[in-house]
Structures are given as C-alpha cells and as structure tokens.
Amino acid sequence: MNPQTSTSFQGSVPLISLYMAFASFTWIITVLLYILMIIAFWKIFKKAGQKGWKSLIPVYNSIILLKIAGLPQWWILLFFIPIVSIIVSIIL
C-alpha cells in the first residue's frame, strides 16, 4: 500500500471535523430561532384573540395574520409569487 494514499486522507480529517462543528452550531442556532418564532407567533395570535395552535399550521397562519392585520385574504396568493412575497411580508 502506498503511504501517500493513507496520509492524504488524514490531512482532511481536521477539515471534516471543522465542517461538522460548524454544521452542528448552525443547526442549533436554526432550531433556537425556529422555537423563538413559534413563541412569538403564539403570543401574537393570543393577543389578537385567536387560538395559539393556529400559528403552527403553515399557510393557515398566514391567512389568520392577514385577518388580524385587516388585509384582504386573497393576498395569500401573493405569497406564492417570488419577489412579491417579500413585499407582502414586509407590509403584513
């Protein structure tokens, strides 16, 4: 067996470890932000007189948010248009 072949893989082990640490850190931050968003939406819905569980259903929560904001519910269709959805999200 060629000794260069076995050492070339060993040189990439620290890079793989660094990548895995970064990926784990990113995953943990993402999960924490998702939990924060769930709590925030739940409180918004409760203060608006809606049931908190309605904030957990993806498209339905947008319909309820439009209702809370007093905007027409057909605007839900605008969320499916790429650039327009960003503008509608800012307005909402």
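Scroll up for the structure.
Residues numbered from 1 in each chain as written. Predicted model: local features only at pLDDT ≥ 70, side-chain atom pairs only at ≥ 80, totals over all residues. Heavy atoms only, no water.

**Topic: the nonpolar core**
Across soluble globular proteins, you tend to see nonpolar side chains buried next to one another.
Part 1 of the reasoning: Counting residues in hydrophobic clusters, the biggest one holds five residues: Leu66, Trp75, Ile76, Leu78 and Val88.
Part 2 of the reasoning: When neighbours within four sequence positions are excluded, Ile76 is seen to be in contact with Val59, Ser62, Ile63 and Leu66. (Core = buried A, V, L, I, M, F, W, Y, C linked by side-chain atoms within 4.5 Å. Buried < 20%, exposed > 50% of the residue type's maximum accessible area, 1.4 Å probe, protein only. Contact = heavy atoms within 4.5 Å.)

**Points about the side chain of Gln50**
Part 1 of the reasoning: Structurally, Gln50 is set in the loop between α2 (13-47) and α3 (58-69).
Part 2 of the reasoning: Reaching out from Gln50, the side chain makes a polar contact with the side chain of Lys54 at a distance of 3.2 Å.
Part 3 of the reasoning: Residues in contact with Gln50, not counting those within four places in the same chain, are Phe45, Ile64, Lys67 and Ile68. (Helix = DSSP H or I, 4+ residues; strand = E, 2+ residues; numbered from the N terminus. Polar contact = N/O pair within 3.5 Å; in protein donor to acceptor, adjacent residues only side chain to side chain.)

**A word on the packing of α2 against α3**
Two measures define how a pair of helices packs: the angle their axes make with one another and the distance between the axes.
Part 1 of the reasoning: Where α2 meets α3, the axes come as close as 11 Å, and the angle between the chain directions of the two elements is 40°. Here α2 is positioned oblique relative to α3, judged by the angle of their axes. At the point where α2 passes α3, the crossing takes the left-handed sense. The residues of α3 that touch α2, namely those facing Phe41, Ile44 and Phe45, are Asn61, Ile64 and Leu65.
Part 2 of the reasoning: Counted by class, the contact of α2 with α3 contains five nonpolar, one polar and no charged residues. (Axes fitted to C-alpha atoms, helices over the stretch in contact; angles between N-to-C directions. Parallel < 35°, antiparallel > 145°, perpendicular 65-115°, else oblique. Left-handed = near helix turned anticlockwise from the far one by under 90°. Nonpolar A, V, L, I, M, F, W, Y, C, P; charged D, E, K, R; others polar.)

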